[in-house]
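# Examining the three-dimensional arrangement
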Amino acid sequence: MLGQVSNCSDGDLPRDTASPCLMNHHPTTSHGPPFTYRLPAADDFRRFLGVASTDKAPPIAAAAATWGRLPPLFSAAAMATELMRAVQYDGYGGGAAALKNGGGLAEYAVGDVKLSAHRPPEVSAAEGAGIPTAGLTALYGFNSVGIKFDGTDKLANILITAASGGIGHYAVQLAKLAGFHVTATCGARNLELVKSLGAEEVLDYKTPEGAGLKSPSGRKYDVVINCAKGIPWSVLKPNLSSRGKVVDIAPTAWDAMTAAVLKTTFSKKRRFPAILAPNQKNLEFMVGLAQEGKLRTVVDSRFPLDKAEDAFSKIMEGHATGKIIVEM
Ligand SMILES: NC(=O)c1ccc[n+]([C@@H]2O[C@H](COP(=O)([O-])OP(=O)(O)OC[C@H]3O[C@@H](n4cnc5c(N)ncnc54)[C@H](OP(=O)(O)O)[C@@H]3O)[C@@H](O)[C@H]2O)c1
């Protein structure tokens, strides 16, 4: 998945255009509402709306653009709605075309400031761009089976599949930070990288041991963060400890059905589909780790905005090592 970081407001109320802020988002054109937010300077704003003056803009947005700040008593969320209305106005297309499709590849877009976090200078835009979707999904996967990273988690054996991917490489680092024993799977070319992220045991998924998810030290897994697609329950189940849980990050309908059926049986081994529900607390937690140098984003490749299509094609091939970044 793609990510991006925009300059935007610092805190709840936008104040200027220069404060960097990492925004939580769904980054492709077909995944929900637009997500980045900033209050543009008057000139930028007029350019954004594609009009010579702010006369034609919705009144509050026009006032904000003219003053260069929010009208008194006007909340950031209301401003966001107003900007949204502005870009949906006929004739105000300009650079905002992607917004209508809920896209992330726009210089200006509108999102929920409650799902944003300040991006500190220690976290580069490219590094930070991976966190809102891939990083948060990794954290959410752990949260969904009760792992909180608050110092109360019991030590566990963890398996992370597709550990070289966007989500997997964050999951390995999180598991290591919590002190878990980490076994991971990835392709042969990434074995050393995944080890360097903190995995004790790394398996090439194209070998029989890797395909069988067998821990070289004979461990059974308490939790599997399953970022790979299509691993059957018959392969996962024998590798689990007696109460082992599988978190399916890329669940198929069949996986979801297995999960539902398991709930109705006496099986203590379970699987859980996990689809990201982002929240600000988690975003701040992850950004904080990055700021402290405890979490790194492996960048597979970078593309300029006008080559975004190539970036998407590369993502769809499913062979990224870490994150693919589109730079604005
Ligand atoms: N649950 C959610 O909310 C959520 C959110 C975002 C994305 N997703 C989904 O989560 C999945 C993972 O996304 P991602 O961005 O992390 O993937 P990704 O970056 O595309 O993963 C690619 C990496 O995984 C490796 N890999 C592929 N198949 C593997 C296997 N069977 N075993 C071990 N390694 C394997 C590849 O290695 P080679 O190149 O060597 O083959 C490559 O390095 C995707 O299906 C995505 O759509 C879910």
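The structure displayed is predicted, hence computed values, not measured ones.

### Some points on the overall build of the protein chain
A tally of regular secondary structure across the protein chain gives 13 helices and 12 strands. Put simply, the protein chain has 328 residues, and 52% of those count as buried. Long-range contacts, defined here as pairs at least 24 residues apart, represent 64% of the contacts in the protein chain between residues at least 6 apart. Carbon and sulfur atoms make up 56% of the accessible area of the protein chain, which amounts to about 15,000 Å² in all.

### Here's the deal with the pattern of salt bridges
For the structure shown, the criterion picks out six salt bridges. Glu192 serves as the salt-bridge partner of Lys195, at 3.9 Å between the closest nitrogen and oxygen. Of the two residues, Lys195 and Glu192 are both situated in helix H8 (residues 191-197); the distance of three residues between them amounts to about one turn of the helix. For Lys314, the salt bridge identified is with Asp300, shortest N-O distance 2.7 Å. Here the residue Lys314 occupies a position in helix H13 (residues 308-317), and Asp300 occupies one in strand E11 (residues 299-304), the gap between them amounting to 14 residues. With relative accessibility at 28%, the residue Lys314 sits in the partly exposed group. On the accessibility criterion, Asp300 (22% relative accessible area) is partly exposed. Through salt bridges that share partners, Asp248, Asp255 and Arg271 make up one connected network.

### Quick word on the packing of aromatic side chains
Enumeration according to the criterion identifies two aromatic pairs in this entry. Taking 5.3 Å as the distance between ring centres and 90° as the angle between the ring planes, the aromatic pair formed by Phe142 and Phe149 counts as edge-to-face. Phe142 sits in the buried class, given a relative accessible area of 0%. Looking at Phe149, the relative accessible area reads 15%, which means it is buried. Centroid distance Phe149 to Phe285: 6.3 Å. Interplanar angle 35°. Geometry classified as tilted. Within this pair, whereas Phe149 is found in the loop between helix H6 (131-143) and strand E5 (157-161), its partner Phe285 is found in helix H12 (residues 280-291), the two being separated by 136 residues in sequence. You can call Phe285 partly exposed: its relative accessible area is 30%.

### A short note on the pairing of strand E12 (residues 323-327)
Judged by how many residues are buried, E12 sits mostly within the fold: four of five residues are covered. Summarising the sheet, E11 and E12 pair through five bridges and their orientation is parallel. Counted as the bridge partner of Phe303 is Val326 from E12. In the classification by handedness, the crossover that spans E11, the intervening H13 and the parallel E12 is right-handed.

### What to know about the side chain of Asn157
Looking at the secondary structure, you find Asn157 in strand E5. Judged by its relative accessible area of 19%, Asn157 falls in the buried class. In this structure the side chain of Asn157 is engaged in a polar contact, spanning 3.1 Å, whose partner is the side chain of Arg219. There is a polar contact of 3.4 Å between the side chain of Asn157 and the backbone oxygen of Lys220. Sequence-distant contacts of Asn157, defined by excluding residues within four places in its chain, comprise His181, Arg219, Lys220, Tyr221, Asp222 and Val223.

### Points about the site of the ligand
Contacts to the ligand come from 23 residues, most closely from Ser164, Arg189, Tyr205, Ala274 and Ala320. Backbone polar atom of Leu276 to an oxygen atom of the ligand: 2.7 Å apart, as the coordinates give it. Ala320 is positioned such that a nitrogen or oxygen atom in its backbone is 2.7 Å from an oxygen atom of the ligand. Within the complex, 81% of the 940 Å² of free accessible area of the ligand lies under protein. When residues of the shell around the ligand are traced back to their parent elements, those giving at least two are helix H7 (166-177) and strand E6 (181-186). Among the residues forming the shell around the ligand, the class breakdown is 12 nonpolar, nine polar and two charged. Each of domain 1 (10-134 + 278-327) and domain 2 (145-273) accounts for three or more of the residues forming the shell around the ligand.

Thresholds applied
- Residues numbered from 1 in each chain as written.
- Predicted model: local features only at pLDDT ≥ 70, side-chain atom pairs only at ≥ 80, totals over all residues.
- Heavy atoms only, no water.
- Helix = DSSP H or I, 4+ residues; strand = E, 2+ residues; numbered from the N terminus.
- Buried < 20%, exposed > 50% of the residue type's maximum accessible area, 1.4 Å probe, protein only.
- Contact = heavy atoms within 4.5 Å.
- Areas by Shrake-Rupley, 256 points an atom, 1.4 Å probe, with all protein chains shown as cover.
- Salt bridge = Lys/Arg side-chain N within 4 Å of Asp/Glu carboxyl O.
- Phe/Tyr/Trp six-rings, centres within 6.5 Å; stacked < 30°, edge-to-face > 60°.
- Pairing = 2+ DSSP bridges.
- Right-handed = clockwise from strand over helix to strand, strands pointing away.
- Polar contact = N/O pair within 3.5 Å; in protein donor to acceptor, adjacent residues only side chain to side chain.
- Near = heavy atom within 4 Å.
- Nonpolar A, V, L, I, M, F, W, Y, C, P; charged D, E, K, R; others polar.
- Domains from an automatic or database assignment.

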